[in-house]
Amino acid sequence: MISAPRIPAVVPAGRMAAMEQPTFRLPGGLELRPWRLSDADALLAAGQDPAIRHWNRLLVETPTDARRRIERMHERWQAELSAIWAIARPGDEAVGLIGWGDIDLAGGSAEIMYWILPTQRGDGAVVEATKRLGDWALDDLGLHRLRLCHSVANPASCRVAEKAGYSLEGTMRSALLHADGWHDEHLHALVQGDI
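Quick caveat: nothing in here was measured; it's all calculated off a predicted structure. (Residues numbered from 1 in each chain as written. Predicted model: local features only at pLDDT ≥ 70, side-chain atom pairs only at ≥ 80, totals over all residues. Heavy atoms only, no water.)

Visitor: Is there a simple way to explain the pairing of strand β7 (residues 167-178) in this structure?
Guide: Regular strands place side chains that alternate from one sheet face to the opposite one. Direction of pairing for β7 relative to strand β8 (residues 181-191): antiparallel, over a ladder of 8 bridges. Bridge pairing in β8 links Leu-176 to His-183. Here β7 hands over to β8 after 2 residues, the two strands then running antiparallel side by side. (Pairing = 2+ DSSP bridges. Helix = DSSP H or I, 4+ residues; strand = E, 2+ residues; numbered from the N terminus.)

In structure tokens, the structure reads:
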């Protein structure tokens, strides 16, 4: 019997859960910090925003839904499944969300997700947050490959990917079901050594 050599985990299990979720300063006076239960109103507002609901398929309809989602963010950090930050002004309620979902520590990859409330759109905050969390995921956590996927009908997300240094790798056909039907998605990626 021929045995294949065991491939070690890119990031050992337990590494992320052992870390305290950091806070990061961004240009323009914003920060990335863990979500707080006091951010529930911002999450509820995002759940009512048509663009956020459409592109992110976010369904938050009550304050209880919002608080439970925030609690799950913290649970999923400990389970090493996702790492979600609030985009906020220091001492203020969240104005956006950004983070890593679909974290695969053993395989060394994750997919970024984000949204921002209308009052902050267009100021470059999402690009800066995407860059900062890319640095954290590659350099501090130790992942190897980061994905950014978005509907081809969402050019704003394509601009975020390009400005944050994610290379366009291709189009995934009929990859995600939105309220208006199936959407093709662009796949962008950033890997160790790209920047």
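Visitor: In this structure, what is going on with the packing of helix α2 (residues 40-48) against helix α4 (residues 63-78)? I would like to understand it.
Guide: Two elements in contact, α2 and α4, have axes separated by 8 Å at closest approach and are oriented at 110 degrees. Put simply, α2 runs roughly perpendicular to α4. At the point where α2 passes α4, the crossing takes the right-handed sense. Across the interface between the two elements, Ala-40, Leu-43 and Leu-44 from α2 touch Pro-63, Ala-66, Arg-67, Arg-69, Ile-70 and Met-73 from α4. (Axes fitted to C-alpha atoms, helices over the stretch in contact; angles between N-to-C directions. Parallel < 35°, antiparallel > 145°, perpendicular 65-115°, else oblique. Left-handed = near helix turned anticlockwise from the far one by under 90°. Contact = heavy atoms within 4.5 Å.)

Visitor: Even after reading the chapter, I still don't get the pairing of strand β2 (residues 31-34), so can you show me in this structure?
Guide: Summarising the sheet, strand β1 (residues 24-25) and β2 pair through 2 bridges and their orientation is antiparallel. Bridge pairing links Phe-24 to Leu-32 in β2. Counting the residues that bridge the hairpin from β1 to β2 gives 5 residues, and of these Gly-28 lies at a positive phi of roughly 85 degrees. Strand direction decides the pairing type here: β2 and strand β3 (residues 83-88), joined by 4 bridges, are antiparallel. If you follow Arg-33 over to β3, its bridge partner there is Ala-86.

Note that all results are geometric; they support no functional claim without further evidence.
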